[in-house]
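These are the residues of each chain, in order.
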Amino acid sequence: MYHTNYHTHTSFCDGKGTPEDYLKAAESRGLLALGFSSHAPLPYKNDWTMKEQDLPAYREAVETLTRTSEKLDIYLGLEIDYLPPHLTPADERFQPLDFTIGAVHVVEDAARHTFHEIDGHPKDYKACIEFFGGIQPFVEWYYRQVAQMCRETPPTIVAHLDLIKKNNQRNEFFTEEEPWYRNAVASCLDVIAEVGSLLEVNTGGLARKRITTIYPSPWILRLAREREIPLVLSSDAHDPAQVDFAFDEAVALMKEAGYTKVYALLGGEWIERPLE
Ligand SMILES: [Zn+2]
Ligand SMILES: [Zn+2]
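Rules of the game
Residues numbered from 1 in each chain as written. Chains lettered and ligands numbered in written order. Predicted model: local features only at pLDDT ≥ 70, side-chain atom pairs only at ≥ 80, totals over all residues. Heavy atoms only, no water. Helix = DSSP H or I, 4+ residues; strand = E, 2+ residues; numbered from the N terminus. Buried < 20%, exposed > 50% of the residue type's maximum accessible area, 1.4 Å probe, protein only. Contact = heavy atoms within 4.5 Å. Pairing = 2+ DSSP bridges.

1. Here we look at the overall build of the protein
Consideration 1: Across its full length, the protein carries 8 helices and 11 strands.
Consideration 2: Counting only C-alpha atoms, the protein reaches 55 × 45 × 30 Å along its principal axes.
Consideration 3: Looking at the protein as a whole, 57% of its 276 residues are labelled buried.
Consideration 4: Look at the contacts in the protein between residues 6 or more apart in sequence, and 67% of them connect residues 24 or more apart.

This is the structure we're talking about:
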């Protein structure tokens, strides 16, 4: 099957390689479309998002490829944090874009003027747990925050829905079987279904060997299927070599969950394609 991927990080943020390097990799892997989704700038110093002043050069680099690429469609996007009042996927200052990927990576401790990263170092994760006074209130806040993003500033694509599991690989803090966890996920999916954002099946954690399965977990895909939430396939590549990483495995899991279709941005429009 011919795939597409709209979730890639170049050296404009925390990835390796230029947009051209990604185009070459995508061509050699036979992709039909390639999107760029650098991390939008955050209101604090960090080593993984783009700098505000690099936005014009990023836009120019991708738009140049859009004009010159003959074999496949190229699209300009951003992975934007929902971190009100600082930024949201609906911010006009980032437009025009072909698509947005909305994510919650950060917890703000406004009283202490600090930010903690959910998918960062385990000590950041522990700081989040401490801030909320326990793992359950932290995780429930996370899913409520993703739901609020979808309700208030719906992105085109919802990023790595269960990112919260990244620092819980050995079930140190919770298990995904716990009813409160399942309820938090299900309520969030209800909102995604209502607003119509696409849910990504993201193989990025596998590529970086941080987790042993896709985002979201296969049981969550089954709940998404029950709600008829449309899917898009993403590798969240941080290296051109990962441009279609583990896509066959992801497609098999989508099928197991009952999906027969996947969404793709082709010719400037989101269309449904058969999952083959
Ligand atoms: Zn992300
Ligand atoms: Zn990403």
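2. Thoughts on unusual backbone geometry
Consideration 1: Note that the residue after Pro84, namely Pro85, is joined by a cis bond; omega there is 5°.
Consideration 2: Note on placement: Pro85 falls in the loop between β3 (73-81) and β4 (99-103).
Consideration 3: Geometrically, the link from Tyr215 to Pro216 is a cis peptide bond, its omega value of -10° lying close to zero.
Consideration 4: Mapped onto the secondary structure, Pro216 falls in the loop between α6 (204-207) and α7 (218-226).
Consideration 5: In this model, His113 sits at a positive phi of 55°, which is unusual for a non-glycine residue.
Consideration 6: If you trace the backbone, His113 turns up in the loop between β5 (106-109) and β6 (114-117).

3. A look at the environment of Glu130
Consideration 1: Within the secondary structure layout, Glu130 lies in helix α3 (residues 122-132).
Consideration 2: Under the relative-accessibility criterion, Glu130 is labelled exposed at 68%.
Consideration 3: Between the C-alpha atom of Glu130 and that of Glu178, which follows or precedes it by 48 residues, the distance is 20 Å.

4. Let's talk about the pairing of strand β10 (residues 261-266)
Residues in a regular strand point their side chains to alternate faces of the sheet.
Consideration 1: Across 6 bridges, β10 lies against strand β11 (residues 269-274) in antiparallel orientation. Counted as the bridge partner of Val262 is Arg273 from β11.
Consideration 2: The hairpin formed by β10 and β11 contains 2 residues between the paired strands, and Gly267 there has a positive phi angle of roughly 60°.

So far we have only geometry, and geometry alone does not tell us how the molecule works.
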